[in-house]
Structure formats: C-alpha cells, structure tokens
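# Descriptive analysis of the structure
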Amino acid sequence: MSEGTNYIGLDLGEMSIRSALTDRAGEILEIGQQTIERKDPAVLSEQVIDIIRRLREKGRARGYDVRAIGVGVPGLVNPASRRVVASPNLPPLEHADLHEEIRRSSGLDIVFDNDANMAAYGELTCGSAVGMKNVIYVTIGTGIGAGLILDGKIYRGSLGYAGEFGHMTLDPDGLECACGNQGCLETIASGPNIVRRTRERLFRDRSSSLSALALPEKGEMTPEKIAMEALNGDDFSLMIIEQTGKWIGTAVANVINLLNLDMVVLGGGVMMAGDLLLHPIIQEAERRSFASPFNHCKIVAATLGGQAGVIGAAMLARDAT
Ligand SMILES: [Zn+2]
C-alpha cells in the first residue's frame, strides 16, 4: 500500500452531504458539506458523483490517489443488493442505484452502509472506542439511530437491518412512532420529542426560564436551548434533561444486559447537554443492569462529533474493500 493512498468518506443526511478525503489513518485532508440541491434521484446521484470527482482532483493535486469510497446513508441498506430499501428522511435514495452509479463513474470500490454504522465505525477506528471490541454507538438527534460493533466488526443482522435502538419499545401505551409502533424510545427522547415533552409540561408549570418559549410566537424551542437553560441552572430544564437521561439509560441497560458490551458511545446533537445528560443515563443504566456487565462497560460521549460519519465511511472503505 503506497503512502499516497487515501479514501473518500461521504455522509448523506436529510438536508446535506458531508464529505471528506482522509489518509490511511483517518486523518482528514479535505472536508466539506453541501446542501442537497434537489430531492430527486437523478439530481442527487449527479451531486454525489460531482463531490467525489472534486475530492479526487484535490487529492491528485496533493499527490494522492483515492483507493476506495465509503458512503453512509440515512436508511436501511440491503448488503446483498447494495440498495437502500427504506429511507424516510431521504426518499430519493430508494429510487436511485447510487452504489452502481458511483462505481461506474469512478471505477473504484465502494462500501455502502447505514449512516449510524459508519459513525460507529468512525468512533471505533479514530474516536472514543479505539481498542474496543464490543460497542454500541448511539446518535440522539432528530431521530435516534445506532450502530453495533460486535467482535470488532459492524454487526448488521440477518438482512442488514440490525441496530434500531431508537425503536426499542419503552412505553407500551406511548405515542405512535413514525415506524408504526407506539412508545419507541425515539417518541420520548429524540430532539423533537424532548421539545414536545417540555412544551407539554410548561403549560402546567410556568416557573421556568423556558416558559416564554412555550408559546410558539415567543421563539423556537430547541433541545439545545433546553440544555443551555439547564446548564444555566434552570431546575425545570434540568428535570427534563434528567428524565430524558432516565429513558435513554433504561434502553442502555437493556442493551448492556443483552450484549455484555465494552462500551456505549453516545453522540448526536442532543448530547451537547454533556454530563447533565450523561450522568442520569449512567445512573439509570446502573440501576437496571446486572452489576458485572455494567461495571465492565464504559458509557461515554462520542469524540468525533459530526465528522464521525465521514471518517467511519472512509475507514470502512479502507478495511472492507
Ligand atoms: Zn419506532
């Protein structure tokens, strides 16, 4: 393997495409983010191919040769057909054979996987889970996704759809979820649902510094604002964050008992609450899991932030092609 070999990692999101050119160690040489021009299969494929072409040119100008490409997508990927079979947040992916189009236009090997699997692989190879073998990476944002690493490898399950941590049922009588079930973790602890729970309670309790935000015309409430108010010492916001931590910690305990993991890595926008959220998660996980597997399992915040997906995609391209 020449020293001038590098890799491209792409991370397709609901609104934008992140991209990176990395070296063999996952060090980022170029990084970019583009808004998705149009949610149309042909336009999306064109845009992705164009991003790859530009990154290859930049690599060549520095004397590097791209060896393989990794692409993370927001949806379920069938590993056999390399097609996206379900992508509620980016439906055109279901109608484009993106893998084949990139392969044909670039002539390179491509790895194609779910975005949470890619981010999990990023944290495993270059982030907080380096050296671990059995890990779950959970991303808590607009939705709740997860990637599982078992015995050092991404675990995809029989058909490739494993890791749906956000759709674990926590409240049998809870709200209806986008997946069709009710009471999934996502209906309680995703960013929009943290806001929903906060609004519902604020109509009953007006003592919080967030009360002004409960009425839509007074400003938009976001999980970040709730976290900020909690950090500033608002008891109500703190209570919401702690409750959220209890729900997530309950789900984490179930996974620790089921899989006897080395590490649980928590990432995504909602984790900007930091220790305020991490501590109740750890406490609740401890309360609800067996002592030995809990004591062995580290529960930590992710370290790569929004770059986990592109780094993981590039590293999976390095290791799986
Ligand atoms: Zn669900």
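## A few points about helix H3 (residues 115-126)
A rise of 1.5 Å per residue sets the reference length of H3, with its 12 residues, at 16 Å; its end C-alpha atoms lie 16 Å apart and thus fit the reference within 8%. Of all 12 residues making up H3, 9 are buried, and the element is well covered by its neighbours. Where H3 starts, the residue carrying a side-chain oxygen 2.9 Å from the main-chain nitrogen of alanine 116 turns out to be asparagine 114.

## Thoughts on the pairing of strand S9 (residues 144-150)
Burial within S9 is extensive, with 6 of its 7 residues counted as buried. Strand direction decides the pairing type here: strand S8 (residues 135-140) and S9, joined by 6 bridges, are antiparallel. Looking at the pairing, valine 138 lines up with alanine 146 of S9. Where S8 folds back on S9, the antiparallel hairpin that results is connected by 3 residues.

## Describing the coordination of the zinc ion
Coordination of the zinc ion by the protein involves His167 (ND1), Cys177 (SG), Cys179 (SG) and Cys184 (SG), with metal-donor separations of 2.0 to 2.3 Å. The site at the zinc ion holds 4 donor atoms, and with the angles between them running 106 to 119 degrees, its shape is tetrahedral. By relative accessible area, histidine 167 is classed as partly exposed at 24%.

## Quick word on the domain arrangement of the protein chain
Annotation of the protein chain at the domain level lists domain 1 (5-115 + 307-320) and domain 2 (128-302). One C-alpha centre belongs to domain 1, the other to domain 2, and the line joining them spans 28 Å. On the domain 2 side, the residues contacting the 8 residues of domain 1 number 7 residues. Buried area between domain 1 and domain 2, both sides added, is near 590 Å², and the carbon and sulfur share of it is 57%. Broken down residue by residue, the surface that domain 1 buries against domain 2 is led by Leu76, Pro79 and Asp113, which jointly contribute 53%.

## A few points about the pattern of salt bridges
A complete count under the given rule lists 13 salt bridges for this structure. Arginine 54 is the partner of aspartate 50 in a salt bridge, and the nearest nitrogen-oxygen pair spans 2.8 Å. With aspartate 50 and arginine 54 both in helix H1 (residues 41-61) and 4 residues apart, this pair spans about one turn of that helix. Judged by its relative accessible area of 46%, arginine 54 is partly exposed. Between lysine 133 and aspartate 151 there is a salt bridge, and its shortest N-O distance comes to 3.2 Å. Highlighted residues: lysine 133 in the loop between H3 and S8 and aspartate 151 in the loop between S9 and strand S10 (153-154), separated in sequence by 18 residues. Sharing partners across several salt bridges, the network here consists of Asp50, Arg53, Arg54 and Glu57.

Reading the values: rules and limits
- Residues numbered from 1 in each chain as written.
- Predicted model: local features only at pLDDT ≥ 70, side-chain atom pairs only at ≥ 80, totals over all residues.
- Heavy atoms only, no water.
- Helix = DSSP H or I, 4+ residues; strand = E, 2+ residues; numbered from the N terminus.
- Expected span 1.5 Å × (residues − 1).
- Buried < 20%, exposed > 50% of the residue type's maximum accessible area, 1.4 Å probe, protein only.
- Polar contact = N/O pair within 3.5 Å; in protein donor to acceptor, adjacent residues only side chain to side chain.
- Pairing = 2+ DSSP bridges.
- Donors = N, O, S within 2.8 Å, 3.2 Å for Na, K, Ca; no water.
- Tetrahedral: all angles 85-135°; square planar, octahedral: opposite > 155°, others 65-115°.
- Domains from an automatic or database assignment.
- Contact = heavy atoms within 4.5 Å.
- Buried area = accessible area lost by both parts, 1.4 Å probe.
- Salt bridge = Lys/Arg side-chain N within 4 Å of Asp/Glu carboxyl O.

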